[in-house]
Amino acid sequence: MKVGVLALQGAFKLHAEALERLGVEALEVRSVEDFNSSEALIIPGGESTTMSFLLESSGIFESLQERSIAGMPILGTCAGMILLSSKIADGRSDQKPLNLIDIEVRRNGYGRQINSFESDLFIEGFESSFRGVFIRAPLVEDVSEKVEVIAELNGRPVMCRQDSTIVTSFHPELADDDRIHAEFLEMASNS
Ligand code: GLN
């Protein structure tokens, strides 16, 4: 399976390395052509306002919406969660969400860079905790009944799933633990 990692901006390298460790080919996606060669996609952390702009100017935005609705597996982490959400608070005024998971997020809702933190998370289906690394993370303020909450921190969702879209407000590629990537690949190979 060829899995794309959106590489327009941000923290894509470590996601690609995790995929390679798990034995799948990682493809850095910078154009619609790259995107079309990918069977699943990871949208990494970074700066969601910049990525939002580049998604639209590269033409990937629409293709991504179409293929996701048709069932393409997508994992969005941190800025990726913001891009995939249905509503963004404290975003740039022209920042358009992909609207592929029915959650409302607040950018930098846990505070600014100085407030980045780590916390052990209990993730549904995992036998032991997962180290959550939060960096200027989005805060999930609302989820609809279509969304399954897979992990919470202080009563707030930090990992959610709707159909074949999974989002995390933390950075799983920084945890030195490939279980979330492995779960994503498992879901992708069964879809
Ligand atoms: N705060 C960033 C944004 O709004 C996301 C931070 C991250 O991806 N680590 O885009």
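A. Broad picture of the packing of aromatic side chains. Counted by the stated rule, this structure contains 6 aromatic pairs. Each ring, one from Phe130 and one from Phe170, has its centre 6.0 Å from the other, and the planes form 50 degrees; the classification is tilted. Here Phe130, found in strand 8 (residues 130-134), pairs with Phe170, found in the loop between strand 12 (165-168) and helix 6 (179-189); they are 40 residues apart in sequence, far enough to count as distant. A relative accessible area of 0% places Phe170 in the buried class. Aromatic side chains Phe134 and Phe170 sit 5.7 Å apart centroid to centroid with 55 degrees between the ring planes, which places their arrangement in the tilted category. On the criterion of sequence distance, the pair formed by Phe134 in strand 8 and Phe170 in the loop between strand 12 and helix 6 is long-range, its members being 36 residues apart.

B. Local environment of the sheet that holds strand 3 (residues 40-43). Taken in spatial order, the 7 strands make up an open sheet running 2-1-3-4-12-11-10, and their pairing is mixed. Unpaired on one side and paired on the other, strand 2 (25-29) and strand 10 (148-153) mark the two borders of the sheet. Direction aside, the axes of adjacent strands within the sheet are offset by 20 degrees on average. Each of strand 1 (2-6), strand 2, strand 3 and strand 4 (74-77) is contacted by helix 1 (residues 13-21), which is oriented at about 160 degrees to strand 2, the strand it contacts most. Along the sheet, helix 6 contacts strand 1, strand 3, strand 4, strand 11 (156-162) and strand 12; its crossing angle with strand 3, the most-contacted strand, is approximately 150 degrees.

C. The environment of Asn115, seen in detail. Here Asn115 is to be found in the loop between strand 6 (103-106) and strand 7 (117-121). Assessed through its relative accessible area of 40%, Asn115 is described here as partly exposed. A sequence separation of 21 residues divides Asn115 from Arg136, and the C-alpha atoms of the two residues are 7.1 Å apart.

D. Looking closely at the environment of Arg107. Along the polypeptide, Arg107 turns up in the loop between strand 6 and strand 7. With 26 residues separating them along the chain, Arg107 and Met81 place their C-alpha atoms 10.0 Å apart. Among the polar contacts made by the side chain of Arg107, one reaches the side chain of Ser48 at a distance of 3.4 Å.

Conventions used here
- Residues numbered from 1 in each chain as written.
- Predicted model: local features only at pLDDT ≥ 70, side-chain atom pairs only at ≥ 80, totals over all residues.
- Heavy atoms only, no water.
- Phe/Tyr/Trp six-rings, centres within 6.5 Å; stacked < 30°, edge-to-face > 60°.
- Helix = DSSP H or I, 4+ residues; strand = E, 2+ residues; numbered from the N terminus.
- Buried < 20%, exposed > 50% of the residue type's maximum accessible area, 1.4 Å probe, protein only.
- Pairing = 2+ DSSP bridges.
- Axes fitted to C-alpha atoms, helices over the stretch in contact; angles between N-to-C directions.
- Contact = heavy atoms within 4.5 Å.
- Polar contact = N/O pair within 3.5 Å; in protein donor to acceptor, adjacent residues only side chain to side chain.

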